[in-house]
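A closer look at the structure
Residues per chain, in single letters:
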Amino acid sequence: MDRTLAADLARLPDLLDATRRAASEALATLDGRAVVPPAPEPREPEPLPERGTGTDSALAAFRERWEPRLSASAGPRYLGFVTGGATPAALAGDWLTAAHDQNSNSSMDGAGQDLERETVGWLRELFGLSDAHTGTFVSGATMSNTTGLAIAREWLGERLGVSPAEDGAAALGPVRVLSGAPHSSIAKALSFLGLGRSSLVRVPTLPGREAVDPEALDRALADTPGPAVVVANAGTVNTVDFDDLPAIAALRPRHDFWLHTDAAFGAFAALSPDHAHLAAGLDASDSVCVDLHKWLNVPYDSAVQFTRRRDLQARVFQNAAAYLGPLGEHPDLVHLTPENSHRLRALAAWFTLSAYGRQGHREIVERNIAGARALGAALEEDPAFTLLAPVRLNVVCFTLADAPDPARLTALREAVSAEVFVTPTVHEGTAGLRAAFSNWRTTQADVRRAARALCTAAREIA
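The structure reproduced in this document is the subject of the present report. (Residues numbered from 1 in each chain as written. Predicted model: local features only at pLDDT ≥ 70, side-chain atom pairs only at ≥ 80, totals over all residues. Heavy atoms only, no water.)

Points about the overall build of the protein
- A tally of helices and strands in the protein yields 15 helices and 11 strands.
- Here the protein, with 462 residues, has 50% of them falling under the buried criterion.
- Within the protein, contacts between residues separated by at least 24 positions form 73% of all contacts whose residues are at least 6 apart in sequence.
- Carbon and sulfur atoms form 55% of the exposed surface of the protein, whose accessible area is close to 20700 Å².
- Mean positive and mean negative side-chain charge positions of the protein (43 and 56 charges, respectively) differ by 2 Å. (Helix = DSSP H or I, 4+ residues; strand = E, 2+ residues; numbered from the N terminus. Buried < 20%, exposed > 50% of the residue type's maximum accessible area, 1.4 Å probe, protein only. Contact = heavy atoms within 4.5 Å. Areas by Shrake-Rupley, 256 points an atom, 1.4 Å probe, with all protein chains shown as cover. Lys, Arg positive; Asp, Glu negative; His and termini not counted. Charge placed at Lys NZ, Arg CZ, Asp CG, Glu CD.)

Right, here's the structure in full:
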């Protein structure tokens, strides 16, 4: 064994303790750090060392060179994208995931698969899905949407008497995928699956909304020859608008379509009694995407996909090799996703669900919703701002009331970056900004701090 490696092995408990202290210090200082530090001067990459100097040295180098440049994305005022943090239990689970280093795809080493199935069952219950849905962990919403649409592609083949998994996507002929306000990952998935971005057909939305117009969808389906795919939204990324899932499902007696619902973070509305109606009808979906490193507050990367047609899922992703388990009635996870290997992502989710249960995660969701509403109210009261959409759940979509051009919004965003991070957007042709609340640490004090920074910066820019 290499001498440095052997020395680190002998001192492993001390090295882990040093790493624990470094992690604890980083988390303890989140409140005082710049949410997004200023961009440093570009540096030339250092060369690969011929002879390493051990973990102590690597940790010191990381803390000197890289840690000061990292954003405080684990903190309470990182409101860009839709970024959760990692609850204490999720962090513990993720550390143990690395320590045990399981590849949980095979029944020949079955505990990981069993843990994942138990966790999926808990999540299914959390989101109000029935036992008809089975699920597997994947890396994020993009891969969850891709997996759901891959199953939909095979369903289209089943309807047409072909198998895209065997014969290729070209065997389907022209395909139409209908959606009102699809997330960008949907077009990416269609490209990846060989269906093509041009197969995505935008259906008119309700006036002033990002929710699809059910009557327009009815007409679009009537104009579609043969079976189709409908991608519904349970929470759009810009304004957290929800399609009327029961109304879409009610179109099935007249039209033949697969219903995939992108509920990346909107599914968590089901945890709040006051907002559960938004996600009503989610169980009618044929496949569902939910992103867990958003509102479940587990570390990147983690998501889950659900489907009613595991048989088609296995037909798409089955992998034949002597060392892999059989398909059978309960196929190994290796036969259900694009990955032959994946870390035991389920453990962090299992930990946080076990530690805090439905009630603890409902509290996070409801506190984040209250935070979004409070920020929206504060910005509405300031004449420098205007809301681009009502605050329906956990996202505030807003812009400058005067000359909301991208350059001025960029200046505003950069001026507040030490205090709060928000991301740019465009809504109905108007440039704006988004603040998304999904971190378990965020409190009303953070909301006031963010609002104060935005309002002060807006006056300075004006």
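Once the structure has been displayed, the description carries forward.
Considerations on unusual backbone geometry
- In this structure, Asp301 follows Tyr300 across a cis peptide bond, with omega equal to -5°.
- With respect to the secondary-structure elements, Asp301 resides in the loop between α11 (292-295) and β7 (303-307).
- Not every positive phi belongs to a glycine, and Asn297 is a case in point at roughly 60°.
- Along the polypeptide, Asn297 turns up in the loop between α11 and β7.
- Its relative accessible area of 0% is what places Asn297 among the buried residues.
- The backbone of Ala403 sits at a positive phi, close to 50°, despite the residue not being glycine.
- Mapped onto the elements, Ala403 comes out in the loop between β9 (395-400) and α14 (406-415).
- Classification of Ala403 as partly exposed rests on a relative accessible area of 38%.

Digging into the packing of α14 against helix α15 (residues 444-461)
- Contact pair α14 / α15: the axes reach a minimum separation of 9 Å and the direction vectors enclose 135°. Relative to α15, α14 is oriented oblique. When the axes of α14 and α15 are compared, the crossing they make is right-handed. The segment α14 lies against α15, with Arg408, Ala411, Leu412 and Ala415 engaging Leu454, Ala457, Ala458 and Ile461.
- Of the residues in the contact of α14 with α15, the class split is seven nonpolar, no polar and one charged. (Axes fitted to C-alpha atoms, helices over the stretch in contact; angles between N-to-C directions. Parallel < 35°, antiparallel > 145°, perpendicular 65-115°, else oblique. Left-handed = near helix turned anticlockwise from the far one by under 90°. Nonpolar A, V, L, I, M, F, W, Y, C, P; charged D, E, K, R; others polar.)

A look at the nonpolar core
- Among the nonpolar cores identified, the biggest contains 53 residues, and Leu123, Phe127, Leu217, Phe268, Val290, Leu292 and Phe306 are the most heavily contacted of them.
- Setting aside anything within four residues of it in sequence, one finds Phe268 in contact with Phe127, Val290, Asp291, Leu292, Trp295, Leu296 and Val365.
- Counting 26 residues, the second-largest nonpolar core is a separate cluster that includes Ala372, Leu400, Val420 and Ala453. (Core = buried A, V, L, I, M, F, W, Y, C linked by side-chain atoms within 4.5 Å.)

Re the environment of Ile151
- By secondary structure assignment, the location of Ile151 is in helix α6 (residues 141-160).
- Exposure remark for Ile151: the relative accessible area of 0% places this residue in the buried category.
- For the pair Ile151 and Gly128, spaced 23 residues apart in the sequence, the C-alpha separation amounts to 22 Å.
- In contact with Ile151, not counting residues within four places along its chain, are Trp258, Gln305, Thr307, Arg309, Leu312 and Gln313.

What to know about helix α9 (residues 214-222)
- Among all positions of α9, only Ala216, Leu217, Ala220 and Leu221 are buried. Down the axis of α9, the smallest arc covering the buried residues is 135°, so these residues share one side. For α9, the exposed residues set more than 90 degrees away from the buried face come down to Glu215, Arg219 and Ala222. (Arc of directions from axis to C-beta.)

A closer look at the sheet that holds strand β3 (residues 200-202)
- Spatially, seven strands are ordered β1-β7-β6-β5-β4-β2-β3 in an open sheet, and the strand pairing comes out mixed. Taken across any chain shown, the strands that pair with only one partner, and hence form the sheet edges, are β1 (134-138) and β3. Each strand axis lies, on average, 20° off the axis of its neighbour in the sheet, ignoring direction.
- Lying over the sheet, α6 contacts β1, β4 (228-233), β5 (257-262), β6 (287-291) and β7, oriented at roughly 175° with respect to β5. (Pairing = 2+ DSSP bridges.)

Some remarks on the sheet that holds strand β11 (residues 430-436)
- The four strands are arranged β8-β9-β11-β10 in an open sheet whose pairing can be described as antiparallel. In this open sheet, the two strands that pair with only one neighbour each are β8 (385-387) and β10 (423-427). Strand after strand, the sheet turns through a mean of 45° between neighbouring axes, direction not considered.
- Here β9 pairs with β11 via four bridges, running antiparallel. The residue of β11 that forms the bridge with Val395 is Ala436.
- Here helix α13 (residues 346-381) sits on the sheet and contacts β8, β9 and β11; the angle it forms with β9, its principal contact strand, is near 15°.

A few points about the side chain of Asn233
- Within the element layout of this structure, Asn233 appears in strand β4.
- A polar contact of 2.9 Å, which involves the side chain of Asn233, links it to the backbone oxygen of Ala181.
- Ignoring anything within four residues of it in the chain, the contact list for Asn233 reads Ser179, Ala181, Pro182, His183, Asp241, Phe242, Asp243 and Asp262. (Polar contact = N/O pair within 3.5 Å; in protein donor to acceptor, adjacent residues only side chain to side chain.)

Observations regarding the pairing of β6
- Of all five residues that make up β6, five are buried, and the element is covered over most of its length.
- Alternating residues of β6 divide into Ser287, Cys289 and Asp291 and Val288 and Val290, and every residue in both groups is buried.
- Where β5 meets β6, three bridges bridge the pair, whose relative direction is parallel. Across the sheet, the residue bridging to Thr261 is Val288, located in β6.
- Relative to β7, β6 is paired through five bridges, and the arrangement is antiparallel. Considered in β7, the bridge of Val290 is made with Val304.

Focus on the pattern of salt bridges
- Scanning the model with the defined rule gives 27 salt bridges in all.
- Measuring nitrogen to oxygen at the nearest pair gives 2.7 Å for the salt bridge that ties Glu25 to Arg63. Residue Glu25 is located in helix α2 (residues 12-28), and its partner Arg63 is located in helix α3 (residues 55-65); the two are separated by 38 residues in the primary sequence.
- For Arg63, a relative accessible area of 28% corresponds to the partly exposed category.
- Across the salt bridge formed by Arg252 and Asp286, the nearest N and O atoms sit 2.5 Å from each other. With Arg252 in the loop between α10 (245-249) and β5 and Asp286 in the loop between β5 and β6, the pair connects residues that are 34 residues apart, well separated along the chain.
- Of the residues examined, Asp286 reaches a relative accessible area of 13% and is grouped as buried.
- When salt bridges with common partners are traced through the structure, they connect Asp31, Arg77, Glu419, Asp446 and Arg449 into a single cluster. (Salt bridge = Lys/Arg side-chain N within 4 Å of Asp/Glu carboxyl O.)

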